[in-house]
Amino acid sequence: MAPRGVWADLPGRWAVVHAATPAVLDAARTHLAGASAPTDPKVGHTFLSDHGDRLVRREAGEPAPTQGDALAAAIAFASVDPGSCLGAYPYALPVQLALNAVAGRFVSTVQCLGVVLSTPHAPGGWQDACRAASPFRVPYDAPVIMGPTGPIRVERLRWAALAARAASGDRSVPASPVQLAVGFVETMGILPGDCWGVAELQPGHEASSAYAQVVYRPGPDDAAGRERFARYLTSLGLTPGDVDLGHPEGTVTFRRWGVRVVER
Amino acid sequence: MLLSDDPAWWQRSQQRRAHCPPTSPWVAVAERGFPVRLSPFHDAAEQVAAWERSQAACSAYLRAVGLAGRPDWV
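Structural notes, computed from the coordinates. Quick caveat: nothing in here was measured; it's all calculated off a predicted structure.

Calculation rules
Residues numbered from 1 in each chain as written. Chains lettered and ligands numbered in written order. Predicted model: local features only at pLDDT ≥ 70, side-chain atom pairs only at ≥ 80, totals over all residues. Heavy atoms only, no water. Helix = DSSP H or I, 4+ residues; strand = E, 2+ residues; numbered from the N terminus. Rg over C-alpha atoms; globule rule 2.2 N^0.38 Å. Salt bridge = Lys/Arg side-chain N within 4 Å of Asp/Glu carboxyl O. Buried < 20%, exposed > 50% of the residue type's maximum accessible area, 1.4 Å probe, protein only. Phe/Tyr/Trp six-rings, centres within 6.5 Å; stacked < 30°, edge-to-face > 60°. Lys NZ or Arg CZ within 6 Å of the ring centre and 35° of its normal. Pairing = 2+ DSSP bridges. Axes fitted to C-alpha atoms, helices over the stretch in contact; angles between N-to-C directions. Contact = heavy atoms within 4.5 Å. Expected span 1.5 Å × (residues − 1). Polar contact = N/O pair within 3.5 Å; in protein donor to acceptor, adjacent residues only side chain to side chain. Buried area = accessible area lost by both parts, 1.4 Å probe.

With that settled, consider the overall build of chain B. A tally of regular secondary structure across chain B gives two helices and one strand. When the helices and strands of chain B are placed in sequence order, the string is α-β-α. Computed over C-alpha atoms, the radius of gyration of chain B comes to 17 Å, more than 25% over the 11 Å expected from 2.2 N^0.38 for 74 residues, which places it beyond the range of a compact globule. In terms of principal-axis extent, the alpha carbons of chain B reach across some 50 × 30 × 20 Å.

Put into structure tokens, the structure is as follows:
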């Protein structure tokens, strides 16, 4: 459902989550990364390289905008239907943070610089109009954002509660954030055509700070799906609260004269 | 090989499917990679190049397996 861009432990790692049909699986098992592939059809990756706080406006006292808020705003602005979307994910570049530059101690992480929508064809310049029309008002107190192609919901799943178990070799728990996202997608019953994208991101340099993100169109059985996902988590010895990312982006405490202060 | 071909994936899949609706799609995950330098990037162009290489690899995969034109399956 989305190519994953970068991952701090290995910036070249990428993943694609998709339906498992027999024809696709046969081809997928034989395709080697780096091998030649057909040049058509083209895939358009539309970068919107603006920070979320420039695309989405939040006033003092409101939660700081997230990269998911920016994605929802971009999806709504561009009227991208999930059935026509190959991926919706952060534009996140690999960077090295200097823990001690003098001693040459650097750690790999990713720096989120915007959002990307991937479609079978380049949608054609909407990003300039999107930037010109920004900032957008994206509600922060409602889980669902209404867009021209239907409701949009961004689910973020915290990885920390599973990281230690996965690292210790516990084969019952998802082995990475993207696998936790697959658990969410499957137990919720989200069809690929109702999903804009799956992604994962690791802010900072600790695996425990990683999270998975699913951007999807909720259906009438969304609440029932969440109950199924909760039961799945219970079978792993977890609760929904264990995978609730919360809002690490903090709260806007001051906004005036073009200055914005966020407290975390 | 797909990530979803891993035996541990199958074990976890069985656990998930017990909680899935009958209409839930089966999902596959391709997870690949390529080595990139882990020394500090001093040039933004290098960072962008690493990202674009990842994008190109994803696009090539989608075309190779016939999914580039099937966004409703991705």
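Picking up where we left off.
The subject of this paragraph is the pattern of salt bridges. Residue and element names in this part refer to chain A. Here the structure, examined in full by the defined rule, presents 18 salt bridges over all chains. A salt bridge links Arg165 to Asp170; the shortest N-O distance between them is 3.1 Å. Take Asp170: its relative accessible area is 25%, and that puts it in the partly exposed class.

Once that is clear, we can look at the packing of aromatic side chains. Scanning the entire structure with this criterion turns up nine aromatic pairs over all chains. A centroid spacing of 6.2 Å and a plane angle of 40° characterise the contact between Tyr89 of chain A and Trp51 of chain B, whose relative ring orientation is tilted. Of the two residues, Tyr89 of chain A is situated in strand β3 (residues 87-100) and Trp51 of chain B in helix α2 (residues 44-64); the pairing between them involves two chains. When its relative accessible area of 1% is taken as the criterion, Tyr89 of chain A is described as buried. Of the residues examined, Trp51 of chain B reaches a relative accessible area of 0% and is grouped as buried. Members of the aromatic cluster, joined through ring pairs, are Phe47, Tyr89 and Tyr91 of chain A together with Trp51 of chain B. Over the aromatic face of Tyr211 of chain A sits the side chain of Arg156 of chain A, whose NZ or CZ is 5.3 Å from the ring centroid.

Our next topic: unusual backbone geometry. All names here are of chain A. Note the cis peptide between Asp40 and Pro41, where omega equals 0°. Structurally, the position occupied by Pro41 is in the loop between α1 (22-30) and β2 (44-48). Between Ser134 and the following residue, Pro135, the backbone shows a cis peptide bond with an omega angle of 5°. Following the sequence through the fold, Pro135 ends up in the loop between α4 (126-133) and β5 (144-147).

All names here are of chain A. Taken in spatial order, the four strands line up as β5-β6-β8-β7 in an open sheet, and their pairing is antiparallel. The open sheet has two edge strands with one neighbour each: β5 and β7 (195-201). Taken pair by pair, the neighbouring strands of this sheet meet at an average axis angle of 20°, ignoring direction. Sheet strands touched by helix α6 (residues 177-188): β6 (150-158), β7 and β8 (211-216). Its angle to β8, the strand with the most contacts, is close to 35°.

Another aspect to go through is the pairing of β6 of chain A. Residue and element names in this part refer to chain A. The buried fraction of β6 is high, at seven of nine residues. For β5 and β6, the ladder comprises four bridges, and the chain directions are antiparallel. Bridge pairing in β6 links Ile145 to Ile152. In sequence, β5 turns back onto β6 through a hairpin of two residues. Bridge count for β6 against β8 is six bridges, and the pairing is antiparallel. The residue of β8 that forms the bridge with Arg158 is Tyr211.

All right, on to the side chain of Gln213 of chain A then. Tracing the backbone shows Gln213 of chain A in strand β8. Ignoring sequence-local partners within four residues, the contact set of Gln213 of chain A consists of Gln67, Gly68, Leu71, Val154, Glu155, Arg156, Gly197, Val198 and Ala199 of chain A.

What follows deals with the sheet that holds β2 of chain A. All names here are of chain A. Spatially, β2-β4-β3 is the arrangement adopted by the three strands of the open sheet, whose pairing is antiparallel. The open sheet is flanked by β2 and β3, the only strands paired with a single partner. Going from strand to strand, the sheet's axes swing by 40° on average, the running direction of each strand aside. With five bridges joining them, β2 and strand β4 (residues 105-119) adopt antiparallel strand pairing. Bridge pairing in β4 places Gly44 opposite Thr119. Those strands touched by α4 are β2 and β4, and its axis lies near 20° from that of β2.

Residues and elements named next belong to chain A. With twelve residues, helix α3 (residues 67-78) extends 16 Å from end C-alpha to end C-alpha; this agrees with the ideal 16 Å at 1.5 Å per step. Measuring from the backbone nitrogen of Gly68 back to the side-chain oxygen at the start of α3 gives 3.1 Å, which picks out Thr66 as the cap. Residue Ser79 follows α3 closely and has a positive phi angle near 55°.

Many structure descriptions define interface size as the accessible area lost when the parts assemble. The partner chain A presents 75 residues to the 55 residues of chain B that form the contact. Together, His19, Arg32 and Trp51 of chain B form the three largest contributors to the area buried by chain B at its contact with chain A, with a combined 13%. Linking chain B with chain A are three salt bridges, by the criterion used here. The salt bridge partner of Arg29 of chain A is Asp5 of chain B, with a shortest N-O separation of 2.8 Å. Linking chain B to chain A there are 24 residue pairs in polar contact (both at pLDDT 80 or more). Secondary-structure elements contributing two or more residues to the side of chain B that touches chain A are α1 (7-17), β1 (27-32) and α2 of chain B. In terms of residue count, the dominant contributor to the side of chain B that touches chain A is α2 of chain B (14 residues).

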